[in-house]
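Chain by chain, the residues run as shown.
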Amino acid sequence: MSGFTKSPWIIHYDASSCNGCDIEVLACLTPIFDVERLGVVNTGNPKHADIFLVTGAVNEQSKDVIRNIYNEMPEPKVVVAVGTCAASGGIFRECYNISGGVDSVIPVDVYVPGCAARPEAIVDGVVQALKVLEQKHQDMKAVPQNTDQTLYLRAEKSDAPEILALQKNAGQCEAEIYNDENLPALQQTLEELQNDFDRAIYIKAVINDKIIGSVRGQAHEDTAYVSGVVVHPYYQRHDIGRQLVEEIEKAFPNAKRFEAFTGRPNVRALHLLGRAGYQEFTTEPFTPAITWVYLQKERQ
Ligand code: SF4
């Protein structure tokens, strides 16, 4: 881990900045601040990078580049949004081609304020990022030991921001499987998710006070509809998804039938539902790359 904290490698991408924040990022590399003397390297290769520094708001052209860079970076990785535009869209927020800040596309760990963000603030943001990176590294190392301490609890509306961040994080892996970014989980806003708590039940999987998985359930007549099974990428392949499905079924004691859906070709999700006792009964095309597969099971 000392390699990470002593010489973090950074990749910088200008999403559509006015250039103000980029100049300040470059100032961090020039002699006054000279972060390279501390071991920070500005790399052009996402596969070598630990920290993703993004300036500017997200537009239609930059969002795919942001996703691609993020997906190519190895775990653990940290995203730093530099400047007001990267945080929220800033003064460009209402423009016809702007979809918002960086967190409208990928999960952001550290926000550096300012218009333009000052070099001292950017260096401070990188220092914060190193702490997050170290925590993520520890989390990854601890996974095999602590999955048996998972708690399955009813989620509250106040959990929505954490669940949304998890959904976007896990959704990136799914989007890679489908090679399609149009997944509903990636498009959902915080407001939509908060409103969803008024009609649906959410169960969360918690380890060390952190939500590492969630599932949604909603009843109609004698059927409970199960959807949105997400598990943090570090914790996948530890049977947490199947347990979440089992827990949401318990939340509907009067349901005689359960229905779930997932997309083909997501073999892992289909396998998970199969292990939970669900059987396919129909399909429906969603996009050229994704076919929704509907599965059901009767209460035993
Ligand atoms: S935050 Fe200010 S300086 Fe930075 S990209 Fe936006 S408008 Fe330019």
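Located above this text is the structure these notes cover.
Right, let's walk through the structure included here.

The rules we used
- Residues numbered from 1 in each chain as written.
- Predicted model: local features only at pLDDT ≥ 70, side-chain atom pairs only at ≥ 80, totals over all residues.
- Heavy atoms only, no water.
- Helix = DSSP H or I, 4+ residues; strand = E, 2+ residues; numbered from the N terminus.
- Rg over C-alpha atoms; globule rule 2.2 N^0.38 Å.
- Buried < 20%, exposed > 50% of the residue type's maximum accessible area, 1.4 Å probe, protein only.
- Areas by Shrake-Rupley, 256 points an atom, 1.4 Å probe, with all protein chains shown as cover.
- Lys, Arg positive; Asp, Glu negative; His and termini not counted.
- Charge placed at Lys NZ, Arg CZ, Asp CG, Glu CD.
- Near = heavy atom within 4 Å.
- Nonpolar A, V, L, I, M, F, W, Y, C, P; charged D, E, K, R; others polar.
- Pairing = 2+ DSSP bridges.
- Contact = heavy atoms within 4.5 Å.
- Axes fitted to C-alpha atoms, helices over the stretch in contact; angles between N-to-C directions.

Moving on: the overall build of the protein chain. Looking only at helices and strands, the protein chain has ten helices and 14 strands in total. The globule rule puts the C-alpha radius of gyration for 300 residues at 19 Å, and the 21 Å found for the protein chain is close to it. Counting only C-alpha atoms and orienting by the principal axes, one finds that the protein chain spans roughly 70 × 45 × 30 Å. Here the protein chain holds 300 residues, and the buried ones make up 49% of them. With an accessible surface of roughly 14900 Å², the protein chain has 51% of that area assigned to carbon and sulfur atoms. Charge-centre separation for the protein chain: the mean point of 28 positive side chains lies 5 Å from the mean point of 40 negative side chains.

Close to the ligand lie Ser17, Cys18, Gly20, Cys21, Thr84, Cys85, Gly114, Cys115 and Ala116, which account for all nearby residues. Mapped by element, the contributors of at least two residues to the shell around the ligand are helix H2 (20-29) and helix H4 (84-88). In terms of residue class, the shell around the ligand is made up of five nonpolar, four polar and no charged.

Turning our eyes to something else, we now look at the pairing of strand S3 (residues 51-55). Within S3, five of the five residues are buried, which leaves the element mostly enclosed by the surrounding structure. In S3, alternate side chains face the same way, and those of Ile51, Leu53 and Thr55 on one face and Phe52 and Val54 on the other are all buried. Where strand S1 (residues 9-14) lies against S3, five bridges are found, and the strand directions are parallel. Across the sheet, residue Asp14 finds its bridge partner in S3, namely Thr55. One ladder, built from five bridges, connects S3 with strand S5 (residues 78-82); its direction is parallel. Considered in S5, the bridge of Ile51 is made with Val78.

In spatial order, the strands read S2-S1-S3-S5-S7; together these five strands make up an open sheet with parallel pairing. The open sheet has two free edges, formed respectively by strand S2 (41-42) and strand S7 (110-112), since each of these has just one partner strand. Running over the sheet, H2 touches S1, S2, S3 and S5 and is turned about 140° from S3.

Take the sheet that holds strand S8 (residues 151-154) next. If you trace the seven strands from one edge of the open sheet to the other, you get S8-S9-S10-S11-S12-S14-S13, paired in mixed fashion. Among the strands making up the open sheet, the edge pair consists of S8 and strand S13 (279-285). The mean inter-strand angle of the sheet, taken between neighbouring strand axes irrespective of direction, is 25°. Pairing geometry for strand S11 (residues 223-231) and strand S12 (residues 257-264), over four bridges, is parallel. Residue pairing for S12: Ala224 is matched across the bridge by Phe258. Contacts from helix H10 (residues 267-275) reach S12 and strand S14 (291-298) within the one sheet, and its direction differs from that of S12 by about 160°.

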